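# Results of the structural survey
One-letter residues, chain by chain:
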Amino acid sequence: YVEVSWPKRARTLTETQVGVQTLRKLKRTHSLSLYLGEFADGDQALIPFKELRSLLITGGASVESEVGLDLIIMNLIHQAQPEELRLIVFDQERSSQLSHSLLPHLYSPVISERDQLAQLLEWISSEYRRRRSLMARLSLQSFEKLQQKRPQEVRIVFVIPQLSQLSAELQASLVSALDKISHSSYHVGIHIVINSRSSL
């Protein structure tokens, strides 16, 4: 669980240029990381994405959580090619500032129906079990090694721009999927990113 907040202000041109340069450097290292700006002491805030099974983005009265979600998605699509990483987005109200439907990394069209989301959560659990079984048979402990042996296995990032869109039943299914992914000894290359005003 990582919580990050950004001040409610426009970024300067210099900040934007530094961000773009940092993403380009990260892409060249082939080490997918989240660049979240700078700490108060000026050091860069970098988090290796492969270490994150799930990520909850929260905001408050003075913080726009949507800014954090868009920043994370921009990190991913600028560092990884579509054949390396795919996004699955559930956005019932098309609430994000970023136009998800235009992203080249989409695994499927943006999902907006709740019954489709229920099916998707079942599929994620099934895909998790398939990958875990495959890695066990191949004696692999990391998804990176699985990709080396089977390049067709892509990293999947499931994005929910607004947790409040989910019913209590769907939230329970989501928590179940989160538990399976987060507590597994196998990192299978499936991540869940949730945008919320409060913790689960």
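Note that the structure is predicted; figures quoted are calculated from it, not measured. (Residues numbered from 1 in each chain as written. Predicted model: local features only at pLDDT ≥ 70, side-chain atom pairs only at ≥ 80, totals over all residues. Heavy atoms only, no water.)

### A look at the nonpolar core
Going by this rule: Among buried residues, those of type Ala, Val, Leu, Ile, Met, Phe, Trp, Tyr and Cys that are joined through side-chain atoms within 4.5 Å constitute a nonpolar core. For each residue, the accessible area found with a 1.4 Å probe, counting protein chains only, is set against the maximum for its type, and the residue is called buried under 20%, exposed over 50%, and partly exposed in between. Put simply, DSSP H or I for four residues or longer makes a helix, DSSP E for two residues or longer makes a strand, and each gets a number counted from the N terminus. Any two residues having at least one pair of non-hydrogen atoms within 4.5 Å are treated as being in contact.
Leu117, Leu120, Phe158, Leu166, Leu174, Ile192 and Ile194 are the most contacted members of the largest nonpolar core, which totals 30 residues. Elements supplying a minimum of two residues to this core: helix H3 (114-137), helix H4 (143-149), strand E5 (155-160), helix H5 (168-182) and strand E6 (190-196). At 7 residues, H3 tops the list of elements feeding residues into this core. Residues in contact with Leu174, not counting those within four places in the same chain, are Leu121, Phe158, Ile160, Leu163, Leu166, Ile192 and Ile194.

### Some remarks on the pattern of salt bridges
Filter applied, for reference: Each salt bridge in this description consists of a side-chain nitrogen of Lys or Arg and a carboxyl oxygen of Asp or Glu lying within 4 Å of one another.
The full count for this structure, using the stated rule, is 5 salt bridges. Here Arg130 ties to Glu153 by a salt bridge, and the two come within 2.8 Å at their closest N and O atoms. With Arg130 in helix H3 and Glu153 in the loop between H4 and E5, the pair connects residues that are 23 residues apart, well separated along the chain. For Glu153, the salt bridge identified is with Arg131, shortest N-O distance 3.8 Å. Taken together, the positions of Glu153 in the loop between H4 and E5 and Arg131 in helix H3 put the pair 22 residues apart, joining distant regions of the chain. Of the two residues examined, Glu153 and Arg131, each falls in the buried class. Look at the salt bridges and you will find they share partners, linking Glu127, Arg130, Arg131 and Glu153 into a network.

### Quick notes on H3
Residues three or four positions apart in an α-helix share a direction because the helix packs 3.6 residues into each turn. Note the threshold: Take the number of residues in a helix, subtract one, and multiply by 1.5 Å to get its expected span.
Taking 1.5 Å as the rise per residue, H3 with 24 residues should run 34 Å; its terminal C-alpha atoms sit 35 Å apart, in good agreement. Along H3, the residues classified as buried are Leu117, Leu120, Leu121, Ile124, Ser125, Glu127, Tyr128, Arg131, Leu134 and Met135. Considering only its buried residues, H3 is in contact with strand E4 (85-89), H4, E5, H5 and E6. Downstream of H3 by a residue or two, Ser139 has a phi angle that is positive, lying close to 55°.

### A closer look at the sheet that holds E4
To be explicit about the condition: If DSSP finds at least two bridges between two strands, the strands pair. Comment: axis = line fitted to C-alpha atoms, over the contacting stretch for helices; angle = value between 0 and 180 degrees taken between N-to-C directions.
Across the sheet, 4 strands lie side by side as E3-E6-E5-E4; this open sheet has parallel pairing. The open sheet has two edge strands with one neighbour each: strand E3 (54-58) and E4. Averaged over all adjacent pairs, the angle separating strand axes in this sheet is 15°, with direction ignored. Strand direction decides the pairing type here: E4 and E5, joined by 5 bridges, are parallel.

### Some remarks on the layout of surface pockets
Selection rule: A 1.4 Å probe that fits but cannot get out identifies a cavity on a 1 Å grid over protein atoms alone, an open set with protein on both sides within 12 Å along at least five of seven lines counts as a pocket, and a residue lines either if it has an atom within 4 Å of a point. Grid points are joined across faces, edges and corners, and a volume is the space filled by probe spheres set on the points.
When its volume is computed, the second largest pocket comes out at roughly 410 Å³. Around the second largest pocket, the lining comprises 15 residues; the ones closest to its centre are His30, Ser31, Leu32, Glu84 and Gln147. Only helix H1 (13-29) and H4 provide two or more residues apiece to the lining of the second largest pocket. A total of 3 residues in the lining of the second largest pocket trace back to one element, the largest contributor, which is H4.

### Quick look at the packing of H3 against H5
For the record, the criterion: Throughout, the term roughly parallel applies to angles under 35 degrees, roughly antiparallel to angles over 145, roughly perpendicular to angles from 65 to 115, and oblique to all others. Each helix crossing is assigned a hand: it is left-handed if the near helix lies turned anticlockwise from the far helix by less than a right angle, otherwise right-handed if that turn is clockwise.
The contact between H3 and H5 brings their axes to 10 Å, and the two run at 15°. In terms of orientation, H3 and H5 fall into the roughly parallel class. Like other packed secondary-structure pairs, H3 and H5 cross with a definite hand, here left-handed. Together, Arg114, Leu117, Ala118, Leu121, Ile124, Ser125, Tyr128 and Arg129 of H3 and Leu170, Ser173, Leu174, Lys180 and Ile181 of H5 make up the contact between the two elements.

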